[in-house]
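# Descriptive structure summary
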Amino acid sequence: MKRFSFNTYLTIVVKMPGWVLLGCAVITLFFAWHLPKLSFKTTVYDLVIEDLDESVRYQQFLAQFGSDEIIRLVVKADDILDPATFAKITQLSEAAAQIDGVVRIISLPEVRKSVDRGNQWDMATFAAMLAPVELFQRNLISTDRKTTIITLVLDAQADKDAAIVAVRRLFETTGRDLRLYQTGMPLVSEALAEYTRQDFFNLTPITLIVIAVLLAGLFRNLHCLVLPLSCVTLAVCWTFGLMALSGISVSMLTIIVPVFLIAVGTAYCLHICTEYLQQINVSPSNSVASLATFSRLAFPVTLAVATTLIGLGSLGANRIAAIQEFALFACFGMLSLLVIVLTFFPAMLAWLPLPRATDAGASAIDRFFDKVLAGIVTLNLKHRKTCLIAIGLVSAVCAVGMLRVRVETNPVAFFKRGTDVSMHFHDIYRDVSGSFPINVIMSGKEADYFETPANVSGIARLQVFLDQLPGVDKTISLADYLKLINYVTNRFEPKYYVLPEDSYELRMLMNNFKIILGNDLLQRFLSADYSRVNILMLTHIANSRDFIQTRNRILSHAGTAFKDDVTLEVTGLGMVIAASSHLLTLGQVKSLIISLVLIFAVMVVLFVSSRVGLIAVVPNLFPIVVNFGLMGLLGIPLSVATSLIASVAIGLAVDDTIHYLVRYNTEFKRDLDKDRAMRDTLMNVGRPIIFTSLTISLGFSVLIFSHFQPTAIFGFLMVVTMISALIGDIILLP
C-alpha cells in the first residue's frame, strides 16, 4: 500500500514533470487572481466569544441603551475658554456633527448652545456657569482649562474607519495653535488593521530574505536555494488567495501564517535537499535522483505534516474566532505545502539538470556540523545521567514558573509604547478621563422605579463608590444630568445643582431633560419604563484582569449597599473581552490534550508500539514546559497570541522526532546494537534536525520586529521553544 501510494505516484510525477508543473501553475494563477481582493481588517471584537453570557448581556445592553461606540477628540490649548480658541473649538464641534454615522456630539460648544439660546453670554459668564457642574469636570474640560473633549457618539452601523478619516481631515483645517488627537475603541481597531497590513507586507519578505541567506550558507547550491523558496511562496500564495476568495480579512493572528509557512515549509524542504544532495552522487540522472529522494522521504514528510496539522487543528477547540481563523488557514497552508512538495518539488528536480558538485565551502560546513554531532553523540553515550539531571532541573524550575502564568488580554498592550494609540491612551486620563467605558446597569424590581427621588439618590450614592475604584476616572449617570437640569432651570444658581427631593419636581426635571437635551440622550441613561439606569464609567482600564476585579468589587459592594429590590449588572466590551480571555486556559488545555492524544495514537500506529508512542511524546513535552515556565518567570501573560505557541510547537517538534525514530528503527534492525544505532542515526539525521530547528527559529525570530507586542513575544517564545525542542530531540529522546 505504501509502495502504491508514493512510488507509483512519484514515478508518474518525475516522468511527466511538464504536466505537473502546468497544473501547479494553473492552481497558482487561480489563487493569485484573487489576491488583489485581500483585505486587512481586524478589530477588538475579534477577541470575543460570541455565545458567552457576558456577550449576550452586552448585546442586550446595546439594544436598550444604544451604541457605546464613541470617538473622543482631545483638544489642547493654553486656555480652552479663550474666546478665539473657543470659536475654533465650536467650529470643530459643528463640523464633526456633520460626519456620517455621528448621532450625537457631546462638547462644551453644544452645552453652550443648550443654555445660551440667544448667544448673548461672554466667555466669563459661560465659565462661571461651568464651574459648579461636576458633570463637566474631567469629562468635558480639565481642571486647568487646558484640555477639552469632543465626544462623537456613533451609530452602531456607522463606518467607523470613514469617521476616523473624516476627523483627520477636520484636524488638518483647524488652527495650528490647537493640539489635537482622537482616541477610543474605533481607533484601536483601526490601528490593529493598519499595523496588520504593515506587518504582512514587511515581515513576509524579510522572512524570505532571512531564509534565503540561511539556505545559501548551508547548501551553496542553486537548486536547494530556489526550490524551497518557490515551494513556500506558492503555499503562501494559495493560502492568502483562498482567504481573499472567502472574503475573510487578514487579522493580527493570521499575519503569523505566512511566516509560519515559510519557516516550517523550508524546514521540511531541508530534509529533502539533504537527501537529494546524497542521491545525486549515486544516481545516473536527475529523474532517478528525484525519484529516489522522494521515495525515501515522501512518507515521513507526509507524516510530519500530519502531526503539524494535529497541533494546528487542535486550536479549533478554542472558541475565540481569531484563533479559529488562524488554525483554519494555517492548516490549509500546510496541506497546500504538502501538495506542492509532493508535486512541484519532485517535478522541478526531474526537469532541472543535476546541480554541480558542492565546493570546499560546503565541505567546511559539513565538517563543522560533524564535530557538533560527534559531541552530541558523546554526551548521549558517556554523560546520559548528567544530561538527564540537567534537563530535569530545568524542567523543575520551569514547572514552578508555570504556576505563575496569568491569563490577560490587553488591547492597548498589543501596541508598542511609541505608537500613537498607546501614547494617546495614556495621555488622555492625565487631564480628563480615560477612553475605555464600563457600564453598570442598576435595575429596580418594578416599572417607574426611578421616578422616586430616594431611588434616584441611590444612583448618586453608588457613584461615590464607583469613583473611588482603581482606574475609574469619571462616572456619568441620570443623576448627574438631573442635577444639571435643575441647575439650568433655576437660573444657574449653584445651590440648585442637587437632586430633587419631591416626586413632582423629579417628573418635571425628567420632562425638561427631554426638552433641553433631547429624549435620545435620556434614553442612553434611562430605560423607557423607568426601571433601569445606565451608569457610564470612563476608565483607563485596559487589561482583562483589572476588568474582572472591577466587576467583582462592584457586585460585592452591591450585596451590602442595596436591598433586594435593586440588582446590578456590569457590562461593556471590556467585560466581554475579559470573560473571553479567561477561557483561553480551558482552550489551551483542550488543544494540548487533543494534540498529545492524537500524536500518541499516530506513533502507536506507525511503530506498532505504545512504548514508542510514549517515548515520542515525552521529549516533546519538554519544550512546552520550558515555554510556559519562561512565561511565568518573565511575567509574560497567556494571551490570544501566546496561547498558540504550545499547540504549534508540539506539532513542529514531533516532526523531527518522527525523522529520528524512523531512521533509528531502520538502523537498530541491522544488528540490534542500540548505541551504534543511536550514533548512526544522529550522524545521518542530526544535521537536518539541527538545520530545521535553526530555520524555524530564524523564521519566527522575524516576528520580534512586529508592531504588535504579543506577536513579537510570540516570535521570541517560538525561538526559545524550538531550541528546547531541539534539545529534546537530540539529547532527551536518544
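Structural notes, computed from the coordinates. (Residues numbered from 1 in each chain as written. Predicted model: local features only at pLDDT ≥ 70, side-chain atom pairs only at ≥ 80, totals over all residues. Heavy atoms only, no water.)

### Comments concerning the sheet that holds strand β3 (residues 147–154)
As a general point, the strands of a sheet are linked pairwise by backbone hydrogen bonds and lie either parallel or antiparallel. Heads up, the condition is: Only strands joined by at least two bridges in the DSSP assignment are considered to pair. Here a strand is any run of E in DSSP of at least two residues, a helix any run of H or I of at least four, and the numbering for each starts at the N terminus. Axis definition: a line fit to C-alpha positions, over the contact stretch in the case of helices; interaxial angles, taken between N-to-C directions, run 0 to 180 degrees.
Taken in spatial order, the four strands make up an open sheet running β2-β3-β1-β4, and their pairing is antiparallel. At either margin of the open sheet sits one strand with a lone partner, and together these are β2 (102–106) and β4 (179–183). Strand after strand, the sheet turns through a mean of 20° between neighbouring axes, direction not considered. Sheet topology places β2 next to β3; four bridges connect them, and they run antiparallel. Paired with Arg-104 across the strands is Val-153, a residue of β3.

### Brief notes about the sheet that holds strand β8 (residues 566–571)
For clarity, the threshold we go by: We call two residues in contact when some of their heavy atoms are within 4.5 Å.
With antiparallel pairing, four strands are arranged side by side in an open sheet as β6-β7-β5-β8. Single-partner strands in this sheet number two, and they are β6 (472–476) and β8. Geometrically, the sheet is characterised by an average inter-axis angle of 25° between neighbouring strands, direction not taken into account. Pairing of strand β5 (residues 436–444) with strand β7 (residues 532–539) involves eight bridges; the strand directions are antiparallel. Bridge pairing in β7 links Ser-443 to Arg-532. Contacts from helix α16 (residues 453–467) reach β5, β6, β7 and β8 within the one sheet, and its direction differs from that of β6 by about 170°.

### Considerations on the environment of Tyr-276
You can see Tyr-276 is positioned in helix α10 (residues 256–279). Each C-alpha atom of the pair Tyr-276 and Cys-224 lies 9.1 Å from the other, and the pair is 52 residues apart in sequence. Once you skip the residues sitting within four places of it in the chain, Tyr-276 turns out to touch His-223, Ala-289, Ser-290, Thr-293, Leu-349, Leu-354 and Pro-355.

### Describing the packing of helix α5 (residues 108–115) against helix α6 (residues 123–130)
Just so we agree on the cut-off: Orientation labels follow simple angle bins: below 35 degrees gives roughly parallel, above 145 gives roughly antiparallel, 65 to 115 gives roughly perpendicular, and whatever is left gives oblique. In the scheme used here, Gly and all other residues not listed as nonpolar or charged are polar, with Ala, Val, Leu, Ile, Met, Phe, Trp, Tyr, Cys and Pro taken as nonpolar and Asp, Glu, Lys and Arg as charged.
Two numbers describe how α5 lies on α6: the axes approach to 12 Å, and their chain directions differ by 95°. As the angle between them shows, α5 and α6 are arranged roughly perpendicular. For the pair formed by α5 and α6, the contact residues are Leu-108, Val-111, Arg-112 and Val-115 on the first element and Met-123, Phe-126, Met-129 and Leu-130 on the second. In terms of residue class, the contact of α5 with α6 is made up of seven nonpolar, no polar and one charged.

### Thoughts on the environment of Pro-205
For clarity, the cut-off: Think of it in three bands: residues with accessible area under 20% of the maximum for their type are buried, residues over 50% are exposed, and the middle band is partly exposed, with areas taken using a 1.4 Å probe on protein chains only.
Position of Pro-205 among the secondary structure elements: in helix α8 (residues 185–219). When its relative accessible area of 35% is taken as the criterion, Pro-205 is described as partly exposed. Measuring from C-alpha to C-alpha, the distance between Pro-205 and Ser-610 comes to 43 Å, with 405 residues separating the pair along the chain.

### Concerning the side chain of Ser-93
Cut-off, in case you're wondering: Two N or O atoms count as a polar contact when they lie within 3.5 Å, although within protein this holds only if one can serve as hydrogen donor and the other as acceptor, and sequence-adjacent residues are included solely when both atoms are side-chain atoms.
By the element assignment, Ser-93 lies in helix α4 (residues 83–97). Polar side-chain contacts of Ser-93 include one of 2.9 Å to the side chain of Ser-107. Every residue in contact with Ser-93, bar those within four places of it in the chain, is listed here: Ile-105, Ser-107, Pro-109, Glu-110 and Ile-150.

### A short note on the packing of aromatic side chains
Applicable threshold: Aromatic contacts are taken between Phe, Tyr and Trp rings whose centres are within 6.5 Å, Trp giving its six-membered ring; a plane angle under 30 degrees counts as stacked, one over 60 as edge-to-face, and the others as tilted.
Applying the stated rule across the entire model yields 26 aromatic pairs. Taking 5.7 Å as the distance between ring centres and 65° as the angle between the ring planes, the aromatic pair formed by Phe-294 and Phe-345 counts as edge-to-face. With Phe-294 in helix α11 (residues 286–313) and Phe-345 in helix α12 (residues 321–351), the pair connects residues that are 51 residues apart, well separated along the chain. Here Phe-294 matches Phe-345 in class, with each residue buried. Within the aromatic cluster, the residues linked to one another by ring pairs are Phe-30, Phe-31, Trp-238 and Phe-332.

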